[in-house]
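Chains, contacts and geometry: an overview
Below are the chains, spelled out letter by letter.
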Number of protein chains: 2
Amino acid sequence: MSFSIFAIAASVALQEAPAVRSPYAVLDEAPESAWTTIPAGELVVMMVGGERVVIQLNTAFAPTHAANVERLARAGYWDGASVYRVVDNFVAQWGFREGEEYNSRPAPDGVVDNPPADFSRPGSAVTIMPHGSPDPFSQLAGYENGWPVALHADGSVSPVYCYGTVGVAREGDPDTGSGDTLFAAIGTPPRRLDRNFAVVGRVIDGIEHLSTLPRGSGAMSVYAEGQSPATIATVRMMDQLPEGEQEKFVMMTEGSASFAEYAYLQRHRLDYGRGTSGADICSVQVPIKKLED
Amino acid sequence: MSFSIFAIAASVALQEAPAVRSPYAVLDEAPESAWTTIPAGELVVMMVGGERVVIQLNTAFAPTHAANVERLARAGYWDGASVYRVVDNFVAQWGFREGEEYNSRPAPDGVVDNPPADFSRPGSAVTIMPHGSPDPFSQLAGYENGWPVALHADGSVSPVYCYGTVGVAREGDPDTGSGDTLFAAIGTPPRRLDRNFAVVGRVIDGIEHLSTLPRGSGAMSVYAEGQSPATIATVRMMDQLPEGEQEKFVMMTEGSASFAEYAYLQRHRLDYGRGTSGADICSVQVPIKKLED
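Everything numeric in this text was worked out from a predicted model, so none of it was measured.

1. Details of the packing of aromatic side chains
Here a ring pair, both rings aromatic, is described through the centre-centre distance and the interplanar angle of the planes. Taken as a whole and judged by the stated rule, the model has 14 aromatic pairs over all chains. With centroids separated by 5.9 Å and ring planes inclined at 80°, the aromatic side chains of Y77 of chain B and W78 of chain B adopt a geometry described as edge-to-face. Of the two residues examined, Y77 of chain B and W78 of chain B, each falls in the buried class. When the ring of Y161 of chain B is compared with that of F183 of chain B, the centres are 6.1 Å apart and the planes differ by 5°; the resulting orientation is stacked. Here F183 of chain B lies in strand β13 (residues 182–185) and Y161 of chain B lies in the loop between β11 (156–159) and β12 (165–168), a separation of 22 residues in the sequence. Judged by its relative accessible area of 0%, F183 of chain B is buried. Taken together, the ring pairs connect Y161, F183 and F197 of chain A together with Y272 of chain B into an aromatic cluster. It is R269 of chain A that lies over the ring of Y272 of chain A; its NZ or CZ is 4.2 Å from the centre. In this structure, R121 of chain B packs its charged tip against the face of F61 of chain B, placed 4.6 Å from the ring centre.

Pasting the structure below:
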């Protein structure tokens, strides 16, 4: 098993083993019962510059956008598209640029042109962040089926933008954007996008293939003439791939004792030598890992 | 004039001009009186892979570490070192690796081996974040001489880790680490390092030359054998460079009306079509810009 992006940040100190248990130790020791398999039907595989980026769709929030993305992927809509805008400390954006050859490629049947803005909904089975701190953007932060969420004063719940969150690009009107142009957050969690831009998923493996792309030097960090954007060879649902190329991912159950311990250790980080004075939702996420053969 | 990292994040939507004033408009219009020149003696210039990375030293917090870094830069200590550890969504770390040829290079005169841990101090001229929200890691967040800081219940103030913050690597004991090995934050603000790892500065220009580096594939994301780390050609103080190669930077004064308006607009982001429900200190920083000839 190898750990994905949510679990790799380790101690900055290199020379000495931590004196106190690190949060990452929990990941090695958590029993199988602490993990849930992510359904293959939620997984999108994007091949960019020869590398694989795996996105988990968020079907609970913005379900119409998520269904659109699934339809577009199954139809091969993005094959030959590119990551054409990369803003340092903000987003990498992909699709077809305005005016590009394929910009007028018809969307496959069933894709809804402009799904209604759908940014929050009544909370259901929300687990409050254990040992958490106040969230600057809501009343409380927590998790719903493995996704980081914010709970608002009106009782609604919205998904949270963190590093790796995949959002739907749109025009000025919130009721625009089908999901044919997407972006992933690659810097400081852009929480200002919460409830402004639909969250359609998150990169759970291979985010570094987006975050290391050269930054665009044109207006709004779009790639300028002469800059070669990274080509997207294919985008498919995981279950469309030949069996030998399919991968399985599991996420830690937010209600498990393992996650409570992980969150406690991540909150306090006594392995750093001094206590930490708080925790934010993007830094204490449900760990996700890829199952190796 | 061109804007540096703190000002480039723009609207995700591309096709339509925002209907409401964007925070970035303030930067174009702020009067000269809203800006303060950053002293050249605070600026370190690191040449990495042919690109220029400019670091502003934080001489107020961890002054001994900052003085060490200045001495090391003036003496050319890091020439030939490398960025040998890059952790996605965490840090890029540079210096000489344990066991490297130059690891035993003597530090120049005056460098203090293990400055005492010095992570916070009594607050003095702190400006509370205008229109800010609760900070998960402290009582209140704000600014001191242009630096983002956290105010704690005991009256102390500590610098905040944001994207681009430069910290001092050390061993397990907080009282170790001279500043000869440094790291810059390149992902989610690692606030868990606040008051754990000395803040010695921040990258104010060229952070993308660190954040786009290939991630290390060895243990703890150190570059594995066969991965070529980015070579550091030189590190010098800005005022050591030939006059034609020197650059000037200004930062917006946190007490200015321009900054209050910028913070207000960044807090509300009505240009996104919907209001934002909060603001965090790392997303509302004092803008910094490079003066072009």
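2. A word on the relation of the copies chain A and chain B
Superposition of chain A onto chain B requires a rotation of 180° combined with a translation of 0.0 Å along the rotation axis, giving an RMSD of 0.0 Å. When the rotation and shift are considered jointly, the pair of chain copies conforms to a two-fold rotation axis. Of the C-alpha atoms belonging to chain A, the one lying closest to the rotation axis is found on T212 of chain A, 2.0 Å away. A share of 100% of interface residues in chain A that are also interface residues in chain B marks the association as one of identical surfaces.

3. Considerations on helix α4 (residues 257–268) of chain B
Residue and element names in this part refer to chain B. Along its 12 residues, α4 runs 17 Å from first to last C-alpha, staying within 8% of the 16 Å computed at 1.5 Å per residue. Among the residues making up α4, those that are buried are S258, F259, Y262, A263, L265, Q266 and R267. Of the surrounding elements, those touching the buried residues of α4 are α1 (23–29), β9 (140–144) and β16 (248–252).

4. Comments concerning the interface of chain A and chain B
Facing 62 residues of chain A, the contacting portion of chain B comprises 62 residues. Buried surface at the junction of chain A and chain B, summed over both partners, amounts to about 5,400 Å²; 59% is from carbon and sulfur atoms. Our count for the chain A to chain B interface comes out at 20 residue pairs in polar contact (both at pLDDT 80 or more). Taken together, the elements giving at least two residues each to the side of chain A that touches chain B come down to β5 (82–86) and α3 (208–211) of chain A. Of the residues contributing to the side of chain A that touches chain B, the split by class is 29 nonpolar, 19 polar and 14 charged.

5. Section: the sheet that holds β11 of chain B
Residues and elements named next belong to chain B. Read across the open sheet, the 5 strands follow the order β7-β11-β10-β9-β8; overall the sheet is antiparallel. Each having just a single partner strand, β7 (121–122) and β8 (127–128) make up the two edges of the open sheet. The sheet contact formed by β8 and β9 spans 2 bridges and is antiparallel. Note on β9: the bridge partner recorded for I128 is G142.

6. A word on the sheet that holds β5 of chain A
Residues and elements named next belong to chain A. Pairing within the closed barrel is antiparallel, and its 8 strands lie in the order β3-β4-β14-β12-β13-β6-β5-β15. On average, adjacent strands in this sheet sit at an angle of 35° to one another, irrespective of strand direction. Helix α2 (residues 63–74) rests against β3 (43–48), β4 (51–57), β12 (165–168), β13 (182–185), β14 (199–205) and β15 (230–237) of the sheet, and its axis sits at about 105° to β15.

7. Thoughts on the pairing of strand β5 (residues 82–86) of chain B
Residues and elements named next belong to chain B. Taking burial as the measure, the 5 residues of β5 include 5 buried ones, the bulk of the element. Linking two consecutive strands that pair antiparallel, namely β5 and strand β6 (residues 91–95), is a turn of 4 residues; a positive phi of about 60° is found at N89 within it. Relative to strand β15 (residues 230–237), β5 runs antiparallel, the two sharing 2 bridges. Within β15, the position partnered with S82 by the bridge is T231.

8. Remarks on the state of the cysteines
Residue and element names in this part refer to chain A. The full count for this structure, using the stated rule, is 2 disulfides over all chains. Covalent S-S linkage joins C162 and C282, the inter-sulfur distance amounting to 2.0 Å. As the torsion about the S-S bond is roughly -85°, the C162-C282 disulfide counts as left-handed. In this pair, C162 is assigned in the loop between β11 (156–159) and β12 and C282 in the loop between α4 (257–268) and β17 (288–291), connecting sequence segments 120 residues apart. Note on accessibility: C162 and C282 belong to one class, buried.

Definitions and limits used
- Residues numbered from 1 in each chain as written.
- Chains lettered and ligands numbered in written order.
- Predicted model: local features only at pLDDT ≥ 70, side-chain atom pairs only at ≥ 80, totals over all residues.
- Heavy atoms only, no water.
- Phe/Tyr/Trp six-rings, centres within 6.5 Å; stacked < 30°, edge-to-face > 60°.
- Buried < 20%, exposed > 50% of the residue type's maximum accessible area, 1.4 Å probe, protein only.
- Helix = DSSP H or I, 4+ residues; strand = E, 2+ residues; numbered from the N terminus.
- Lys NZ or Arg CZ within 6 Å of the ring centre and 35° of its normal.
- Least-squares fit on C-alpha atoms with pLDDT ≥ 70 in both.
- Contact = heavy atoms within 4.5 Å.
- Expected span 1.5 Å × (residues − 1).
- Buried area = accessible area lost by both parts, 1.4 Å probe.
- Polar contact = N/O pair within 3.5 Å; in protein donor to acceptor, adjacent residues only side chain to side chain.
- Nonpolar A, V, L, I, M, F, W, Y, C, P; charged D, E, K, R; others polar.
- Pairing = 2+ DSSP bridges.
- Axes fitted to C-alpha atoms, helices over the stretch in contact; angles between N-to-C directions.
- Disulfide = S-S within 2.5 Å.

Bear in mind that shape data such as this cannot, by itself, settle questions of function.
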